Amino acid sequence: MSIAEFFKMGGYAFYVWGAYGVTLLAFIVEILLVSHKRKTTLQQVRLMLEARGEV
Amino acid sequence: MKIRQKRLMFIVAGVLGVGVAAWLVLNALKKNVSLYFTPTQVMNKEAPQGRSFRIGGLVEAGSLQREKDGLSVKFIITDTVKSMPVIYKGILPDLFKEGKGVVAQGKMEADGVMHADEVLAKHDENYMPPEAKDALQRAQVAMSGVAAASAITVVK
Amino acid sequence: MAINWFKYSAPSTFYGLAGRLVPWFAVPAAVLFVIGLYIGFFVAPKDAVQGEAYRIIFIHVPASILSMFLYLVMAGYAALGLIFNTRLSSMMATALAPTGALFAFISLWTGALWGKPMWGAWWVWDARLTSELILLFLYFGFIALHASIDDPRRADRAAALLAIVGSVNVPIIYFSVKWWNTLHQGSTIKFSGTSMHVAMQQSMFTLLLACWLYAVAVTLVRVRSIILERERNTLWVSELKEVGL
């Protein structure tokens, strides 16, 4: 199977790559959101403790 | 009884209650939940009269006729007991094939023919490479040969 | 030696454990995604009926299974939180919901992209598709209900009730193709086995395992943030080294 044939997916390229592409994108977005949330949460806790003068 | 046991009982009873209620509702709506009617149901006048509905079954082998305009097709939907003619003008899905599953939506006209405005293909849950399918078909033919041969011996 | 499991039901202990566990799920998930996709695209043959388009199944079925499985796990945790009044169980339920919703979305999305070329329609209102859509809305409902109540313990209880009642939908999704006429085909994975060629099965089950590992990893990271947020006034949080300046 040639590379061009592989990407053509027997004429179903739009559907197959659309399914896998959006899935991959969804995973990436979720990973970014989750790690962003971790950063902001840590920052908030830090700020709160600073305000209370505990750190 | 401890409070947590009580809570557990409430939850179990609640889920059971909702489950039974859901089952009753869905059972009562069985016809509405089902996507299509079979030709037998249509013959028994269970399908709605005078408005659009879906009919599902297999495309009868050898029944597909293409009209001269190149777009209209005529075929027969069967559930192996009863069958129903369908006329459709439009693009057929890739998997539409004689002997395969199909669901057509349209209106039953006075001529007893369904005039469909949408035809969908229904496929099964078996996935295999083409060679395996060929082998399977050959095996089926061989088996039917054996069956025919044994039927002949029985007749003798 | 017996492990004291109850020790890990304390948010303070679980926070550290979860952090140590994340790489053990995330790394195998990434490796198995690559292996599963390799088998799916380079080893598995094309399908006799559907040609190359059937390859969507390798992600469609795992995503659908995970969307149902995660819902049951979420409802289970929510019920534990309700019965035993354990904070951590409720936090786990809250952490699972977004990932469950994501898998329900992937299931619907890949299903639409598979349905259009094969059936001839992106969407039909048959029992299987509709009940999966309801599952997505149940996830949204759980998340929204939890977010709309300020007091976290009250939010836990209200959302838990919704999650538990909604779990009735999961068997409906699974058996819908048996109980009613649907356009959707029957289940590929049945209790009696599968109806698939071997290499196709290997790809699908590898990706199923990868998706599960991914879901666990993401949930653990998310639950750590939730624990920090909800326990921010405790001594152990102020003593964490990642919080210290």
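Residues numbered from 1 in each chain as written. Chains lettered and ligands numbered in written order. Predicted model: local features only at pLDDT ≥ 70, side-chain atom pairs only at ≥ 80, totals over all residues. Heavy atoms only, no water.

Undergrad: I'd like a description of the interface of chain B and chain C, backed by residues and values.
TA: In this complex, chain B contributes 34 residues to the contact, which on the side of chain C involves 42 residues. Both sides together, the interface formed by chain B and chain C hides about 3300 Å², and carbon and sulfur atoms give 66% of it. Considering only the surface of chain B that becomes buried against chain C, His123, Glu125 and Tyr127 of chain B emerge as the three largest contributors, covering 22% of it. At the junction of chain B and chain C, the tally comes to 0 salt bridges. Summed over the shared surface of chain B and chain C, the number is 13 residue pairs in polar contact (both at pLDDT 80 or more). Where the side of chain B that touches chain C is concerned, the elements lending two or more residues are α1 (3-28), α2 (30-33), β6 (114-122) and α4 (130-155) of chain B. Top element by residues in the side of chain B that touches chain C is α1 of chain B. It accounts for 9 residues. Residues of the side of chain B that touches chain C, tallied by class, amount to 19 nonpolar, 6 polar and 9 charged. (Contact = heavy atoms within 4.5 Å. Buried area = accessible area lost by both parts, 1.4 Å probe. Salt bridge = Lys/Arg side-chain N within 4 Å of Asp/Glu carboxyl O. Polar contact = N/O pair within 3.5 Å; in protein donor to acceptor, adjacent residues only side chain to side chain. Helix = DSSP H or I, 4+ residues; strand = E, 2+ residues; numbered from the N terminus. Nonpolar A, V, L, I, M, F, W, Y, C, P; charged D, E, K, R; others polar.)

Undergrad: Quick one: what's the story with the environment of Gly106 of chain B, residue by residue and with numbers?
TA: Residues and elements named next belong to chain B. On the secondary structure map, Gly106 appears in strand β5 (residues 101-108). Distance from Gly106 to Glu118, taken between C-alpha atoms, is 7.0 Å for residues 12 residues apart in sequence. Residue contacts for Gly106: discarding those within four places in its chain leaves Arg51, Ser52, Phe53, Met114, His115, Ala116 and Asp117.

Undergrad: Now, about empty space enclosed by the protein: what can you tell me, with residues and values included?
TA: All names here are of chain C. Counting across every chain of the model gives 1 cavity of 30 Å³ or more. Considering only enclosed or pocket space, the largest cavity measures out at about 30 Å³ in volume. Forming the boundary of the largest cavity are Ala78, Ser90, Ala93, Thr94, Phe142, His146, Asp156, Ala159 and Ala160. Within the residue set of the lining of the largest cavity, elements represented by two or more residues are α3 (87-118), α4 (127-148) and α5 (152-166). Its residues assigned to classes, the lining of the largest cavity comprises 5 nonpolar, 3 polar and 1 charged. (1 Å grid on protein atoms, 1.4 Å probe; cavity = no way out; pocket = protein on both sides within 12 Å on 5 of 7 lines; lining within 4 Å. Points joined across faces, edges and corners; volume = space filled by probe spheres on them.)

Undergrad: How would you explain helix α7 (residues 198-230) of chain C if you had to name every residue and give the values?
TA: Look at α7 of chain C: 47 Å from first C-alpha to last across 33 residues, which is about the 48 Å you get at 1.5 Å a residue. With respect to burial, α7 of chain C is a largely interior element, 24 of its 33 residues being buried. (Expected span 1.5 Å × (residues − 1). Buried < 20%, exposed > 50% of the residue type's maximum accessible area, 1.4 Å probe, protein only.)

Undergrad: Give a detailed account of the packing of α3 of chain C against α4 of chain C, specifying residues and quantitative values.
TA: Residues and elements named next belong to chain C. Their axes nearest at 9 Å, the elements α3 and α4 cross at an angle of 150°. Classed by the angle they form, the pair α3 and α4 counts as roughly antiparallel. Handedness of the α3/α4 crossing: left-handed. For the pair α3 and α4, contact is made by Ala93, Thr94, Ala97, Pro98, Gly100, Ala101, Ala104, Phe105, Ser107 and Leu108 and by Leu129, Glu132, Leu133, Leu135, Leu136, Tyr139, Phe140, Phe142, Ile143 and His146, respectively. Here the residues of the contact of α3 with α4 are counted per class, giving 15 nonpolar, 4 polar and 1 charged. (Axes fitted to C-alpha atoms, helices over the stretch in contact; angles between N-to-C directions. Parallel < 35°, antiparallel > 145°, perpendicular 65-115°, else oblique. Left-handed = near helix turned anticlockwise from the far one by under 90°.)

Undergrad: Give a description of the side chain of Asn169 of chain C that names residues and reports values.
TA: As for its placement among the helices and strands, Asn169 of chain C is situated in helix α6 (residues 169-179). Sequence-distant contacts of Asn169 of chain C, defined by excluding residues within four places in its chain, comprise Ser131, Ile134, Leu135 and Leu138 of chain C.

Undergrad: An account of a nonpolar patch on the surface is requested, with residue identities and associated values reported.
TA: Residue and element names in this part refer to chain A. Together, Leu24, Ile28 and Leu32 make up a nonpolar patch on the protein surface, roughly 300 Å² of accessible area in all. Tracing the backbone shows Ile28 in helix α2 (residues 13-52). Residue Ile28 is classed as partly exposed on the basis of its relative accessible area of 42%. (Patch = residues over 30% accessible without salt bridge, like charges linked within 9 Å, V, L, I, M, F, W, Y side chains within 5 Å. Areas by Shrake-Rupley, 256 points an atom, 1.4 Å probe, with all protein chains shown as cover.)

Undergrad: Break down the nonpolar core for me, with residues and values.
TA: Ranked by internal contacts, the top residues of the largest apolar core, which has 107 residues, are Phe14, Ile57, Phe58, Tyr71, Met74 and Phe103 of chain C. With 18 residues, α7 of chain C is the single largest residue contributor to this core. What Phe58 of chain C contacts, discounting residues up to four positions off in sequence, is Tyr20 of chain A together with Gly40, Ala44, Met196, Met200, Ser203, Met204 and Leu207 of chain C. Judged by nonpolar contacts, the second largest core, of 19 residues, contains Val73, Phe75, Val86 and Val102 of chain B. (Core = buried A, V, L, I, M, F, W, Y, C linked by side-chain atoms within 4.5 Å.)

Undergrad: Which residues make up the environment of Leu42 of chain A, and what values do they have?
TA: In this structure, Leu42 of chain A sits in helix α2. The buried category is assigned to Leu42 of chain A, whose relative accessible area is 11%. Once residues within four sequence positions are removed from consideration, Leu42 of chain A is found in contact with Leu228, Glu242 and Val243 of chain C.

Undergrad: Lay out the domain arrangement of chain B with the relevant residues and their values.
TA: Assigned domains within chain B: domain 1 (1-33) and domain 2 (35-122). Domain 1 of chain B and domain 2 of chain B are separated by 39 Å when their C-alpha centres are compared. (Domains from an automatic or database assignment.)

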